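# Examination of the molecular architecture
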Amino acid sequence: STSYPTTSTISTSYPTTSTISTSYPTTSTISTSYPTTPTYLLPTLGKTYLFQMVSKLLDVPLVVCDCTSLTQAGYVGEDVETVIVRLWQAAGQNINRTQHGIIVLDELDKLASKKNKSGGKDIGGEGVQQSLLKIIEGTNVTVMDKSKNKAHQIDTTNILFLASGAFVGLDQIIKKRLTAKSLGFGSPVVQQSKTDIDEPLSDEIKEKSRNERLKRIKVTEEQNRLKDHYLQMVEPKDVLDYGVIPELAGRIPVITTLHSLTQEDLMVIAKSKERGVISQLEALLSLNSCELEFTEDALQAIAELAFCKKTGARALKSILETTLLDAMFEIPGSDIDKVTVTKETVLEGVSPIYNYNTSTTSTSDQHV
């Protein structure tokens, strides 16, 4: 017996609902991604950009919904049926395109059920998971067209659902399952490596020496390697232990993990011309007729600092903003036509190299 009454209204024509077929040749089953370590394939964007590219290639409507704002029906917040309304609006209110669209349930790990010591209902966690069951399984959702005062029925059977989230701590659950306890004679002895323990490291990396920074990079690389190793062996049991209810885990059978970013990946992201942080800064400085240039050593240093921060490609923007903070105030209204960022500028906070426009200066002197 279950506590959710919505499953009694789910009616489908399929003898089994373990797989839901769609009209896409590459998505015969509903594939769901649980990227514990988000991978950025294109500049400054992550899994959301991946979903957008899939939608663009397949020419289907896509909507990304934040699960943190969803609650059970009857409570303050958004119901789970609002995701269908958003998809219907993204499809231009076309019923046929809506029924073959893609819905991304972002931050699904925030819906993990937690133990409530007070005994109250978990309306934002397990309750939302139970509400998602009927939509993912396949049901008819009523959508109101307020302009025409007409109701439409949308079948969610052929809608592709993608769930994503960071799932912080899932690797430790997998590690606990795989690690055998050493107790008694003949039991295997488990040795804990030093890289499994997060060493206390200061955030002021710029004041550290080269050797200490290389040591931290080596420790971070080993930690990412171990995390990727454990995440590749994820099983539905691990997702259940994390807090996902069995009914929802059974309806999302395919689990895909993404690898951690390396320094080489951050270098590619930093130097990319499409939606890159450096290209955005170049466009910003070009408004003042100024050119921005980074040396190869500076880009390598930026990639090392971003890699040590362990926040992915988002760390690139914060490092570049801090490095060019003084230049942003000095360039407007000056004769600076080129700024060169060196390795010392990134690591030691030295002022970048400014190149002044001599022709403008000489012309202004002759005028005076």
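One numbering rule holds for all chains: residues counted from 1, following each sequence as written. Per-residue local features are limited, in this predicted model, to residues with pLDDT of at least 70; the limit for side-chain atom pairs, both in listing and counting, is 80 or more; totals at the level of whole chains, interfaces and linings are taken over all residues. Side-chain numbers come from the whole structure's heavy atoms, not from hydrogens or water.

If you trace the 3 strands from one edge of the open sheet to the other, you get β8-β9-β10, paired in mixed fashion. Only two strands of the sheet have a single neighbouring strand rather than two, namely β8 (291-294) and β10 (353-356). Recorded for the sheet is a direction-independent mean angle of 20 degrees between the axes of neighbouring strands. For two strands to count as paired, DSSP must find a minimum of two bridges between them. The helix count covers DSSP runs of H or I at least four residues long, the strand count covers runs of E at least two residues long, and both are numbered beginning at the N terminus. What counts as an axis is a line fitted to C-alpha atoms, over the stretch in contact for a helix, and the angles between N-to-C directions run from 0 to 180 degrees.

Okay, the pattern of salt bridges next. The working definition used for a salt bridge is a side-chain nitrogen of Lys or Arg within 4 Å of a carboxyl oxygen of Asp or Glu. Under the defined criterion, the tally for this structure stands at 12 salt bridges. Residue Glu293 pairs with Lys338 through a salt bridge whose shortest N-O separation is 2.8 Å. Note that Glu293 is positioned in strand β8 and Lys338 in strand β9 (residues 336-341), a separation of 45 residues in sequence. We call a residue buried when its accessible area falls under 20% of the maximum for its residue type, exposed when it is over 50%, and partly exposed in between, using a 1.4 Å probe and counting protein chains only. The exposure class assigned to Glu293 is partly exposed, which follows from its relative accessible area of 32%.

So, on to the side chain of Thr340. Among the structural elements, Thr340 can be located in strand β9. Overall, the relative accessible area of 15% leaves Thr340 in the buried class. Should any heavy atoms of two residues lie within 4.5 Å, those residues are counted as being in contact. Excluding residues that lie within four positions of it along the chain, Thr340 makes contacts with Glu293, Thr295, Pro352 and Ile353.

Because each turn of an α-helix spans 3.6 residues, side chains separated by three or four positions end up pointing in the same direction. Within helix α10 (residues 277-286), the full set of buried residues consists of Val277, Ile278, Ser279, Leu281 and Leu285. On its buried face, α10 sits against α9 (263-271), β8, α11 (296-309), α12 (314-323) and α13 (325-330).

A few words on the sheet that holds strand β3 (residues 102-106). In spatial order, the strands read β2-β3-β6; together these 3 strands make up an open sheet with parallel pairing. A strand with exactly one partner marks an edge of an open sheet, and here the two such strands are β2 (62-66) and β6 (160-163). Geometrically, the sheet is characterised by an average inter-axis angle of 20 degrees between neighbouring strands, direction not taken into account. Pairing of β2 with β3, which is carried by 5 bridges, proceeds in the parallel orientation. Pairing of Cys65 across the sheet is with Leu105, part of β3. Where helix α1 (residues 47-58) meets the sheet, it contacts β2, β3 and β6, and its direction lies at approximately 175 degrees from that of β3.

Inspection of the secondary structure puts His152 in strand β5 (residues 150-155). Among the residues examined, His152 registers a relative accessible area of 18% and is labelled buried. Not counting residues within four places of it along the chain, the set of residues in contact with His152 comprises Trp88, Ile95, Val141, Thr142, Val143 and Asp145.

pLDDT expresses, on a scale from 0 to 100, how confident the predictor is about each individual residue. Residues at a pLDDT of 70 or more form 73% of the protein chain, whose mean pLDDT is 75. Below pLDDT 50 for its whole length, residues 1-45 participates in 113 contacts with residues either more than four positions away or in separate chains. With pLDDT under 50 throughout, residues 361-368 is counted as low confidence; its partners more than four residues away or in other chains account for 1 contact.

Time to look at the pairing of β5. Relative to β5, strand β4 (residues 140-145) runs antiparallel, the two being bridged by 6 bridges. Counted as the bridge partner of Thr142 is Gln153 from β5. Where β4 folds back onto β5 in an antiparallel hairpin, the turn is made up of 4 residues, including Asn149, whose phi is positive at roughly 55 degrees.

The next subject is the environment of Cys65. As for its placement among the helices and strands, Cys65 is situated in strand β2. Residue Cys65 is classed as buried on the basis of its relative accessible area of 1%.

Bringing the packing of aromatic side chains into the picture now. Pairing of aromatic rings covers Phe, Tyr and Trp, the last through its six-membered ring, and needs centres within 6.5 Å; plane angles under 30 degrees mean stacked, over 60 mean edge-to-face, and all others mean tilted. Evaluation of the coordinates by the stated rule reveals 1 aromatic pair. Centroid distance Phe167 to Tyr242: 5.1 Å. Interplanar angle 50 degrees. Geometry classified as tilted. Taken together, the positions of Phe167 in the loop between β6 and α5 (170-178) and Tyr242 in helix α7 (residues 236-242) put the pair 75 residues apart, joining distant regions of the chain. For Tyr242, a relative accessible area of 18% puts it in the buried group.

The next thing to look at is the nonpolar core. Ranked by size, the top nonpolar core spans 39 residues in total, and within it Ile84, Ile103, Leu105 and Leu132 carry the most contacts. Counting residues per element, this core draws most heavily on helix α4 (residues 126-137), which supplies 5 residues. Each residue touching Leu132, except ones within four places of it in the same chain, is listed here: Val80, Leu105, Leu108 and Leu111. Here, the term nonpolar core denotes a set of buried Ala, Val, Leu, Ile, Met, Phe, Trp, Tyr and Cys residues that are joined through side-chain atoms within 4.5 Å. Formed by 36 residues, the second largest nonpolar core is a distinct cluster that contains Leu261, Cys308, Ile331 and Val341.

Turning to its location among the elements, Ala73 is positioned in the loop between β2 and α2 (82-90). Assessed through its relative accessible area of 61%, Ala73 is described here as exposed. On a C-alpha basis, the gap between Ala73 and Val128 in space is 8.8 Å, while along the polypeptide they are 55 residues apart.

Following the sequence through the fold, Ile217 ends up in helix α6 (residues 210-231). As for Ile217 and Cys308, which are separated by 91 residues in sequence, their C-alpha atoms are 6.1 Å apart. The residues contacting Ile217, other than those within four sequence positions of it, are Gln263, Glu304, Phe307 and Cys308.

Right, let's talk about the packing of α10 against α12 for a bit. Where α10 meets α12, the axes come as close as 10 Å, and the angle between the chain directions of the two elements is 35 degrees. For the element pair α10 and α12, the recorded crossing hand is right-handed. On α12, the residues touching Val277, Ile278, Gln280 and Leu281 of α10 are Lys317, Leu320 and Glu321. Here the nonpolar group is Ala, Val, Leu, Ile, Met, Phe, Trp, Tyr, Cys and Pro; Asp, Glu, Lys and Arg are the charged ones; every other residue, Gly included, is treated as polar. For the contact of α10 with α12, the class distribution of residues is 4 nonpolar, 1 polar and 2 charged. By convention the crossing between two helices is left-handed if the near helix lies anticlockwise of the far one by an angle smaller than a right angle, and right-handed if it lies clockwise.

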